[in-house]
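# Structure at a glance
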Amino acid sequence: MKISVFGLGYVGCVSAACLATQGHEVVGVDVNPVKVDLINAGTAPVVEERIGELTEQAVATGRLRATHDVHAAVEASDVSLVCVGTPSAPNGSLSTAYLERVAEEIGEALAGRERWHTVVFRSTMLPGTCEGLLVPILEKASGRTAGVDFGVAVNPEFLREGTSVRDFFDPPKTVIGELDGTSGDMVAALYEGLPGEVFRVPVAVAEMTKYADNAFHGLKISFANELGAICRALGLDSHRVMDAFLADRKLNISPAYLRPGFAFGGSCLPKDLRGLVYAARQADVSVPLLSHILPSNEEHLRRAFDLVAATGRRRVGLFGLSFKPGTDDLRESPLVELAERLLGKGYDLRIYDANVTMSRLIGANRDYIEGRLPHLGQLLTNSADDVLAHAEVCVVGCKDPAVLTALDRAGDRTIIDLVRLPDAEARRAQPEYVGLGW
């Protein structure tokens, strides 16, 4: 395939050299004449493992060259990869100036072109940037329609400086946000034969994936560092602690707990987080990340309440009460907290949970619920249909089969989904459906 790569920094230089190594014909484009000259001389403009030899080989075989001529590069290629920078301002806002300029230049080059061309953005940008900002620029400059006369895609990179060549050839995944199927096919063809799962998704989803990855990486580093600070203050070897932590591939280093849903609760997580933060405070160790986990959890619970309040309706049916499906444990259940808040604000509430019956609650579980919802017996019913009949607003906190069956008859009732129902994707188009985080 014939490819033009705009921006010859780390991402652009590595992408260009690696694609040329795979047999594609690549032309790099940059406003910096030094970078252009270096590439044409067979020298990589960045220092990176293996990039020097790959660049030299690709230039020697005639598969890689560089230019400052945008029109010539677009005319000579089927796909343009845009790899220019999106620097951050002190307030966190991203500058899209380079993206806008390149989009306008590519659009002008497409104005007189009859052959199909796909513009692929690899630069990191916030969701909505491509369709809301860059596509209109491309269309205005070219006088053509995206998805009809030319293609657009977003293909975020997951390259680490220092190992970017290895990461290119051994990616954990490939994400393709496609405005049109033809463009998605062309981008997929660029990485044919490489390992890792391929995700073909809406454009804005692709834009967001890079932020999800980097936010989680920062979260992991901060988590490990704060644990280390606490361990040191308590005289412990943090690496021995983390060795045991990392050995758990079922819950710790796994997909567990990484699906958006409702707030967490139960008899362990809230209590132990409070205890750990207390120990850090006693040791005079600042742990801003760990100390804000419970407030973050509380904020998510508040979002659920606000969704109910926003409906303006007063009769609420709550499906689910225990903190975890399949149990009757109500201790520090966020659903109990939500029920308490709804009652406190005067909502007319009915509750169904197949696993919760007042006559079976014993010990600490019963003591807890009698202190939080002393009139639970009057609110609980043994029928999901009874709760549905009462409700104007259905708050779904479980996926019990009886609940799913009842919700099929919800009609025009508002459904506030806290668990992502099995048919959530189809329901999202319905005005009466509201997902908590999707």
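Just so you know, the residues in each chain are numbered from 1, in the order the chain's sequence is written. Predicted model: local features are reported for residues with pLDDT of at least 70 only, side-chain atom pairs are reported and counted for 80 or more only, and whole-chain, interface and lining totals are derived from all residues. The side-chain values count all of the structure's non-hydrogen atoms but skip hydrogen atoms and water molecules.

An unreviewed UniProt entry lists the chain under the name GDP-mannose 6-dehydrogenase, with Microbispora catharanthi given as the organism. UniProt, in its Sequence similarities (unreviewed entry) section for the chain, records the words "Belongs to the UDP-glucose/GDP-mannose dehydrogenase family." For the chain, the Pathway (unreviewed entry) comment in UniProt is given as "Glycan biosynthesis; alginate biosynthesis." UniProt positions are given in the numbering used here, feature names are shortened, and annotations may be inferred rather than shown by experiment.

### A short note on helix 14 (residues 334-344)
Note on exposure labels: buried denotes an accessible area under 20% of the residue type's maximum, exposed denotes more than 50%, and partly exposed covers the range between, all computed with a 1.4 Å probe on protein chains only. Put simply, DSSP marks the helices as runs of H or I at least four residues long and the strands as runs of E at least two long, and each gets a number from the N terminus on. All buried positions along helix 14 are accounted for by Pro334, Leu335, Val336, Leu338, Ala339 and Leu342. Where helix 14 starts, the residue carrying a side-chain oxygen 3.2 Å from the main-chain nitrogen of Leu335 turns out to be Ser333. Of the residues trailing helix 14, Gly346 is marked for its positive phi of about 85°. In protein, a polar contact means a hydrogen-donor-capable atom and an acceptor-capable atom, both N or O and within 3.5 Å, with residues adjacent in sequence counting only if both atoms are side-chain atoms; elsewhere, any N or O pair within 3.5 Å suffices.

### Structural notes on the sheet that holds strand 2 (residues 25-29)
What the 8 strands build is an open sheet, ordered 3-2-1-4-5-6-7-8; its pairing is mixed. Either end of the sheet is taken by a strand with one partner, and the two such strands are strand 3 (64-67) and strand 8 (197-201). Put simply, the sheet's adjacent strands are angled 25° from each other on average, direction ignored. With 5 bridges connecting them, strand 7 (residues 173-178) and strand 8 associate as parallel partners. Following the sheet pairing, Val175 is matched in strand 8 by Phe199. At least two bridges found by DSSP between two strands are what make those strands a pair. Here an axis means a line fitted to C-alpha atoms, over the contact stretch when the element is a helix, while the angle between two N-to-C directions is reported on a 0 to 180 degree scale.

### Focus on the nonpolar core
One broad rule of soluble globular proteins: the nonpolar side chains tend to lie buried together. We define the nonpolar core as a collection of buried residues of types Ala, Val, Leu, Ile, Met, Phe, Trp, Tyr and Cys that are connected through side-chain atoms lying within 4.5 Å of one another. The biggest cluster of nonpolar side chains holds 48 residues, and the ones touching the most others in it are Phe262, Phe319, Leu321, Ile351 and Leu418. It is helix 14 that contributes the most residues to this core, 5 residues altogether. Discounting chain neighbours no more than four positions away, the residues touching Phe319 are Tyr352, Ala384, Val387, Leu388, Cys394, Val395, Val396, Gly397, Cys398, Val403 and Leu407. When checking whether two residues touch, look at their non-hydrogen atoms; a contact exists if any pair is within 4.5 Å.

### Here we look at the UniProt feature "binding site: GDP-alpha-D-mannuronate" (unreviewed entry) in the chain
Here, the residues flagged by UniProt with the feature "binding site: GDP-alpha-D-mannuronate" (unreviewed entry) are Glu161, Lys210, Asn214, His217, Asn225, Tyr257, Arg259, Phe262, Gly265 and Lys324. Of the residues just listed, which span 164 residues, the most distant C-alpha pair is 41.6 Å apart, and they do not cluster in one region. Here the residues from the annotation list that line the second largest pocket are Glu161. Mapping Glu161 onto the fold places it in the loop between strand 6 (151-154) and helix 7 (164-169). Space inside and on the surface of the protein is sampled on a 1 Å grid over the protein atoms alone, with a cavity defined as a set of points where a 1.4 Å probe fits but cannot get out and a pocket as an open set with protein on both sides within 12 Å along at least 5 of 7 lines; lining residues have an atom within 4 Å of a point.

### Details of the layout of surface pockets
In this structure, the second largest pocket encloses a volume near 620 Å³. Elements supplying a minimum of two residues to the lining of the second largest pocket: helix 1 (10-21) and helix 5 (97-110). Charged means Asp, Glu, Lys or Arg here, nonpolar means Ala, Val, Leu, Ile, Met, Phe, Trp, Tyr, Cys or Pro, and polar covers whatever is left, Gly included. Residues of the lining of the second largest pocket, tallied by class, amount to 13 nonpolar, 10 polar and 8 charged. Grid points are joined across faces, edges and corners, and a volume is the space filled by probe spheres set on the points.

### A few points about the packing of aromatic side chains
Stacked, tilted and edge-to-face are the three classes assigned to paired rings of Phe, Tyr and Trp, where Trp is represented by its six-membered ring and a pair needs centres within 6.5 Å; plane angles under 30 degrees give stacked, over 60 edge-to-face, the rest tilted. Counted under the stated rule, the structure contains 4 aromatic pairs. Consider the rings of Phe168 and Phe169, whose centres lie 5.4 Å apart with planes at 80°: the pair is edge-to-face. Aromatic pair Phe223 and Phe245: ring centres 5.7 Å apart, planes at 40°, arrangement tilted. Placement of the pair is Phe223 in helix 9 (residues 203-233) and Phe245 in helix 10 (residues 238-246), with a sequence separation of 22 residues. A residue is classified by how much of its surface remains accessible, and Phe245, at 25% relative accessible area, is partly exposed.

### Concerning the side chain of Glu48
Along the polypeptide, Glu48 turns up in the loop between helix 2 (33-40) and helix 3 (51-60). Counting rule for charge: Lys and Arg are taken as positive, Asp and Glu as negative, and neither His nor the chain ends is counted. Salt bridges are defined by distance alone: a side-chain nitrogen of Lys or Arg within 4 Å of a carboxyl oxygen of Asp or Glu. Although Glu48 lies buried, it forms no salt bridge, and the closest oppositely charged side chain, Arg166, sits 7.5 Å away as judged by the N-O distance. At 3.1 Å, the side chain of Glu48 forms a polar contact with the backbone nitrogen of Thr163. Excluding residues within four positions of it along the chain, Glu48 makes contact with Tyr10, Arg160, Glu161, Gly162, Thr163, Ser164 and Val165.

### Considering the domain arrangement of the chain
Reported domain spans reflect what an automatic or database domain assignment gives. Taken as a whole, the chain is organised into domain 1 (2-203) and domain 2 (296-435). Inter-centroid distance (C-alpha atoms) of domain 1 to domain 2 is 48 Å.

### A few points about empty space enclosed by the protein
Tallying each qualifying case throughout the model produces 1 cavity of 30 Å³ or more. Empty space within the largest cavity amounts to approximately 140 Å³. Arg122, Phe158, Pro171, Lys173 and Thr174 are the residues nearest the centre of the largest cavity, which is lined by 15 residues in total. For the lining of the largest cavity, the element with the most residues is strand 7, which contributes 3 residues.

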